[in-house]
Amino acid sequence: MKKDFQIRLDATLYECWEDLPADYRQLILEARKATDESYAPYSQFHVGAAILLADGSMLRANNQENASYPCGACAEQSLLYYYGTRAKQSPIVAMAITARRAGSQEFIKITPCGKCRQVMLETYHRQKQAYVILLEYGKGQFLSLPSIEVLLPCNFNPEVLQENNP
Ligand code: THU
C-alpha cells in the first residue's frame, strides 16, 4: 500500500528589526560581529554564527577559509565544534546565523548548508533539547525556526544508527 504524506516546515518571519524579541536582537548582533571577524578571502562571503546558552551567555564564531579550499570551515561548524569541546556546558537555546559579502555593509540572506545542518542536528540530539534557529533573511527580515529538525527532515541521526545496530 502506498501512503502519501507531507512534512511540515514551521517557521516565523520577522519582517523588521523592531519585531524581534530583545534577546534575539542581541544574538543577531553577536552573529553579525562574528561575520565581521570572519576569514573569507577566497569566497568573499562572510558568515557568522552565535549561540545563546540557557545561562544567558553567548558564544560566536565564523567561517575560516583556506588556500586549499576544501580545508575551510563553515561558521556553524566552527562554532558548534568549539562549543562541543567543553562537555558540561549550559544547553543552547538559540542559534543565529548572519552573512554579508566583502566590501558591503548589507547583511544578506543565509541558510545553513547541508553539512552544517547535520552538525546542528547532532548538537540537538546531544543536548536532547530543541533550540531555535534564527536566520538573517535579507531586506532586514529574519526567519525563525523552532528546531533543526524542520531544516533536515528524514535525517540520519543517533536513533537511526541505534535501530540498525544488531
Ligand atoms: N558558509 C558557511 O560558513 N556556512 C554555511 O552554511 C554556508 C557557507 C561559508 C563557507 C565558505 O567559507 C563560504 O561561506 C562560501 O561558501
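Use the structure listed above.
S.K.: I'd like a rundown of the overall build of the protein, residues and numbers included.
M.R.: Within the protein, the secondary structure is distributed over 4 helices and 6 strands. Tracing the protein from N to C terminus, the helices and strands come up as β-α-β-β-α-β-α-β-β-α. A compact globule built from 166 residues would reach a C-alpha radius of gyration of about 15 Å, and the protein, at 16 Å, matches this within 12%. Counting the 166 residues in the protein, one finds 45% classified as buried. Looking at the protein alone, contacts between residues at least 24 apart form 64% of all its contacts between residues at least 6 apart. For the protein, the accessible area works out to roughly 9700 Å², and carbon and sulfur atoms hold 52% of it. Across the protein, the mean location of the 17 positive side-chain charges is 3 Å away from that of the 18 negative side-chain charges.

S.K.: Tell me about the state of the cysteines, and name the residues and values.
M.R.: Applying the stated rule across the entire model yields 0 disulfides. Counting only cysteine sulfurs, cysteine 113 is the nearest neighbor of cysteine 116, a cysteine outside any disulfide, at a range of 3.6 Å. Not engaged in a disulfide, the cysteine cysteine 154 finds its nearest cysteine sulfur in cysteine 113; these two sulfurs lie 19 Å apart.

S.K.: Describe in detail the layout of surface pockets, supporting the description with residues and values.
M.R.: A volume near 280 Å³ is recorded for the largest pocket. Lining the largest pocket are 15 residues; nearest its centre among them are Tyr83, Gly84, Thr123, Arg126 and Gln127. Among the secondary structure elements, those contributing two or more residues to the lining of the largest pocket are α2 (75-84) and α3 (114-127). Here the lining of the largest pocket takes 5 residues from α3, the largest share from any one element. Contributing to the lining of the second largest pocket are 18 residues, with Ser43, Asn63, Glu65, Ala73 and Cys74 lying nearest its centre. Among the residues making up the lining of the second largest pocket, the classes are represented as 11 nonpolar, 5 polar and 2 charged.

S.K.: Explain the environment of leucine 143 residue by residue, including any values.
M.R.: As for its position among the elements, leucine 143 is in strand β6 (residues 142-145). Overall, leucine 143 belongs to the buried group, its relative accessible area being 13%. The sequence separation of leucine 143 and threonine 111 amounts to 32 residues, and the corresponding C-alpha distance is 9.5 Å. Setting aside residues up to four positions removed in sequence, leucine 143 forms contacts with Ala11, Thr12, Leu13, Ile133, Leu134, Leu135 and Tyr137.

How each quantity is defined
- Residues numbered from 1 in each chain as written.
- Predicted model: local features only at pLDDT ≥ 70, side-chain atom pairs only at ≥ 80, totals over all residues.
- Heavy atoms only, no water.
- Helix = DSSP H or I, 4+ residues; strand = E, 2+ residues; numbered from the N terminus.
- Rg over C-alpha atoms; globule rule 2.2 N^0.38 Å.
- Buried < 20%, exposed > 50% of the residue type's maximum accessible area, 1.4 Å probe, protein only.
- Contact = heavy atoms within 4.5 Å.
- Areas by Shrake-Rupley, 256 points an atom, 1.4 Å probe, with all protein chains shown as cover.
- Lys, Arg positive; Asp, Glu negative; His and termini not counted.
- Charge placed at Lys NZ, Arg CZ, Asp CG, Glu CD.
- Disulfide = S-S within 2.5 Å.
- 1 Å grid on protein atoms, 1.4 Å probe; cavity = no way out; pocket = protein on both sides within 12 Å on 5 of 7 lines; lining within 4 Å.
- Points joined across faces, edges and corners; volume = space filled by probe spheres on them.
- Nonpolar A, V, L, I, M, F, W, Y, C, P; charged D, E, K, R; others polar.

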